[in-house]
Amino acid sequence: MADDRKTIGIVGARGHTGAELIRLIAAHPHLEPAFVSSRELAGRRVADHVDGYAGGLRYENLDAAAVAAKGADAVVLALPNGAAAPYVEALEAQAPETVIVDLSADHRFDGAWYYGLPELTRGRYRGERRISNPGCYATAIQLAVAPLKEVLAAPPACFGVSGYSGAGTTPSDRNDPEKLRDNLMPYQLVGHMHEREATRQLGLPVEFMPHVAPHFRGITLTANLWLQRPMTAEAIKARYRERYAGEPLVRVVDDAPWVSRIAGRHHAEIGGFAVAQDGKRVVVVATLDNLLKGAATQAMQNLNLALGLPETEGIPAAAEEATP
Ligand SMILES: NC(=O)C1=CN([C@@H]2O[C@H](COP(=O)(O)OP(=O)(O)OC[C@H]3O[C@@H](n4cnc5c(N)ncnc54)[C@H](OP(=O)(O)O)[C@@H]3O)[C@@H](O)[C@H]2O)C=CC1
Ligand SMILES: CC(=O)N[C@@H](CCC(=O)OP(=O)(O)O)C(=O)O
């Protein structure tokens, strides 16, 4: 094992996003797991629970003080919303230099934390060691809307459909395969957290209507955008290509992307660009894997940034996925 490796701890490692992070960290050339914490799986071998991981790591049940005592270079909090506070407090008190990446929504509205959607916010990064990872739909909304935000005439209306892994592992209607069978489940049609998050980050009001579908992973986000002045599809597409040129994890495509093709992939795709006859209404479609670009891959970009590593280090195939 090379000496220059940074150590990463994961709290909430049993969950869907925790498992993705374990895979990414284990395969990363300059990172290694410091610990993976789960109350339910404590003592069990990670290799028995995470496909693609063959190391000898075991889950541990660590409370906040025990997490801080581990002395990891970075800790990722992959916990449900509302659970981060004791871990942040213990790390602040015992190991303040530790980088913390919070996957939950607990710090997305906290100006003291860097909001890490790298393609849109990396220019604002000032060496913060407290990083809030964006929500999955909120990532898709912002990537889909940002290139046109200066020329919009009305709030973007965003129709989102998520695979049910987006609802985590705590049983609910939204991750119950029986209730989802042959179904599309609308929920929280106004005031969803990601509506507020995208509104705050884009600096314009966003309307968001989420739905959950029977597939396991992947989000389709269809954004209806009204323009101040008519534009052609080609001009709009050119704007997106320019905005995301050289971004290995955002690919601008011609056709509306399909969610079935994004599952398991680390990048987001944006396409469609259907323009109404008067040239003033355009529909843009974005897809991403909610567990990857919507969570773990984005967390890896943020970890790399905070630890002084190239932003896409350890993210498979990032180099081949750049927008031409
Ligand atoms: N799923 C997704 O697509 C996305 C999720 N997120 C966010 O990431 C976070 C993790 O999501 P996800 O992996 O889906 O969640 P899961 O429900 O799959 O996992 C949650 C994890 O937290 C642990 N846990 C639950 N409650 C507590 C608690 N009170 N104290 C300590 N540990 C606890 C669980 O393990 P154990 O009970 O064994 O300790 C489990 O490992 C959430 O905040 C979610 O909103 C963000 C973007 C996308
Ligand atoms: C299908 C489903 O239920 N999805 C989740 C989004 C998951 C996510 O990104 O949530 P956080 O903002 O809590 O991190 C939801 O709508 O709450």
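All figures in this text were calculated on a predicted structure; none of them were measured in a lab. Residue numbers run consecutively from 1 along every chain, following the written order of its sequence. Labels are handed out in written order, letters beginning with A for the chains and numbers beginning with 1 for the ligands. For this predicted model, a pLDDT threshold of at least 70 governs which residues receive local features, and a threshold of 80 or more governs which side-chain atom pairs are given and counted, while totals over whole chains, interfaces and linings are taken from all residues. Side-chain metrics in this entry use all non-hydrogen atoms of the structure; hydrogen atoms and water are not considered.

## What about unusual backbone geometry?
Consideration 1: Despite not being glycine, Asp 182 has its phi angle at roughly 55 degrees, a positive value.
Consideration 2: Numbering of helices and strands runs from the N terminus, with a helix taken as a DSSP run of H or I at least four residues long and a strand as a DSSP run of E at least two residues long. Tracing the sequence through the fold places Asp 182 in the loop between helix H6 (177–180) and strand E9 (185–186).
Consideration 3: Of note in this structure, Phe 273 is not a glycine but carries a positive phi near 50 degrees.
Consideration 4: Relative to the helices and strands, Phe 273 resides in strand E13 (residues 268–275).

## Points about the site of ligand 1
Consideration 1: Working definition: residue near molecule or strand if any one of its non-hydrogen atoms lies within 4 Å of it. If you check the shell around ligand 1, you find 25 residues, and the closest are Arg 14, Thr 17, Ser 38, Leu 79 and Asn 290.
Consideration 2: At 2.9 Å from an oxygen atom of ligand 1 is found a main-chain nitrogen or oxygen belonging to Glu 40.
Consideration 3: Within the contact set of ligand 1, an oxygen atom lies 2.5 Å away from a backbone nitrogen or oxygen of Leu 79.
Consideration 4: Each accessible area value is a Shrake-Rupley result obtained with a 1.4 Å probe; residue values ignore everything except the protein chains displayed when judging cover. In isolation ligand 1 exposes 890 Å². Once the protein is present, 86% of that is buried.
Consideration 5: Elements supplying a minimum of two residues to the shell around ligand 1: helix H1 (16–27) and helix H9 (292–306).
Consideration 6: For this classification, the nonpolar set comprises Ala, Val, Leu, Ile, Met, Phe, Trp, Tyr, Cys and Pro, the charged set comprises Asp, Glu, Lys and Arg, and every other residue, Gly included, is treated as polar. Here the shell around ligand 1 is built from residues that sort into 9 nonpolar, 13 polar and 3 charged.
Consideration 7: Note that the domain bounds were set by an automatic or database domain assignment. Per-domain counts for the shell around ligand 1 show at least three residues from each of domain 1 (6–133 + 294–321) and domain 2 (136–290). For the purposes of these results, a polar contact is taken to be a pair of N or O atoms within 3.5 Å, where, inside protein, one atom must be able to donate a hydrogen and its partner to accept one; residues adjacent in sequence count only when each atom of the pair is a side-chain atom.

## Let's talk about H1
Consideration 1: One fewer than the residue count of a helix, multiplied by 1.5 Å, yields its expected span. Look at H1: 17 Å from first C-alpha to last across 12 residues, which is about the 16 Å you get at 1.5 Å a residue.
Consideration 2: Only protein chains enter the accessibility calculation, which uses a 1.4 Å probe; a residue is then buried when its area is under 20% of its type maximum, exposed when over 50%, and partly exposed in between. Those residues of H1 lying buried are Thr 17, Gly 18, Ala 19, Glu 20, Leu 21, Ile 22, Leu 24 and Ile 25.

## Quick look at the UniProt feature "domain: Semialdehyde dehydrogenase NAD-binding" (unreviewed entry) in the protein
Consideration 1: UniProt positions are given in the numbering used here, feature names are shortened, and annotations may be inferred rather than shown by experiment. As annotated in UniProt, the feature "domain: Semialdehyde dehydrogenase NAD-binding" (unreviewed entry) corresponds to residues 7–128 in the numbering used here.
Consideration 2: Counted over residues 7–128, helix gives 26% and strand 20%. Its end C-alpha atoms are 18 Å apart.

## Considerations on the packing of helix H5 (residues 136–145) against helix H7 (residues 193–202)
Consideration 1: Axes here mean lines fitted to C-alpha atoms, for a helix over just the part in contact, with angles spanning 0 to 180 degrees between N-to-C directions. Their axes nearest at 9 Å, the elements H5 and H7 cross at an angle of 40 degrees. In terms of orientation, H5 and H7 fall into the oblique class. Crossing of H5 over H7 shows right-handed handedness. Counting all contacts with H5, which are made through Cys 136, Tyr 137, Ala 138, Ile 141, Gln 142 and Val 145, the residues of H7 involved are His 194, Glu 197, Ala 198, Gln 201 and Leu 202.
Consideration 2: Here the contact of H5 with H7 is composed, by residue class, of 7 nonpolar, 3 polar and 1 charged. Throughout this description, any angle smaller than 35 degrees is read as roughly parallel, any larger than 145 degrees as roughly antiparallel, any in the 65 to 115 degree range as roughly perpendicular, and the remainder as oblique. The hand of a helix crossing depends on one turn: near helix anticlockwise from the far one by less than a right angle means left-handed, and clockwise means right-handed. Whether two residues are in contact is decided by their heavy atoms, any of which lying within 4.5 Å being enough.

## Description of the site of ligand 2
Consideration 1: In the neighbourhood of ligand 2, 14 residues make up the surrounding shell, with Asn 81, Arg 108, Tyr 187, His 192 and His 194 lying closest.
Consideration 2: Side-chain polar atom of Asn 81 to an oxygen atom of ligand 2: 2.9 Å apart, as the coordinates give it.
Consideration 3: Residue Gly 166 places a main-chain N or O atom 3.1 Å away from a nitrogen atom belonging to ligand 2.
Consideration 4: Relative to its unbound accessible surface of 430 Å², ligand 2 loses 84% to contact with the protein.
Consideration 5: Think of a 1 Å grid over just the protein atoms. A cavity is a set of points where a 1.4 Å probe fits yet cannot get out, a pocket is an open set with protein on both sides within 12 Å along at least five of seven lines, and lining residues have an atom within 4 Å of a point. What decides whether a molecule sits in a cavity or pocket is whether more than half of its atoms lie within 2 Å of the grid points. Assessed atom by atom at 2 Å from the grid points, ligand 2 resides in the largest pocket.
Consideration 6: Within the shell around ligand 2, the residues separate by chemical class into 6 nonpolar, 6 polar and 2 charged.

## Quick word on the UniProt feature "active site" (unreviewed entry) in the protein
Consideration 1: Those places that UniProt annotates as "active site" (unreviewed entry) correspond, in this numbering, to Cys 136.
Consideration 2: Looking at where Cys 136 falls in the secondary structure, it is placed in helix H5.
Consideration 3: Classification of Cys 136 as buried rests on a relative accessible area of 13%.
Consideration 4: Ignoring anything within four residues of it in the chain, the contact list for Cys 136 reads His 194, Ile 219, Leu 288, Asn 290 and Gly 294.

## Concerning the environment of Ala 42
Consideration 1: If you trace the backbone, Ala 42 turns up in the loop between strand E2 (31–37) and strand E3 (59–60).
Consideration 2: Placed 19 residues apart in sequence, Ala 42 and Asn 61 show a C-alpha to C-alpha distance of 5.2 Å.
Consideration 3: For Ala 42, the contacting residues outside a window of four places in its chain are Tyr 59, Glu 60 and Asn 61.

## Some remarks on the environment of Ile 236
Consideration 1: In this fold, Ile 236 is placed in helix H8 (residues 233–243).
Consideration 2: The class for Ile 236 is buried, based on a relative accessible area of 0%.
Consideration 3: Note: C-alpha distance between Ile 236 and Val 284 (48 residues apart in sequence) is 9.8 Å.

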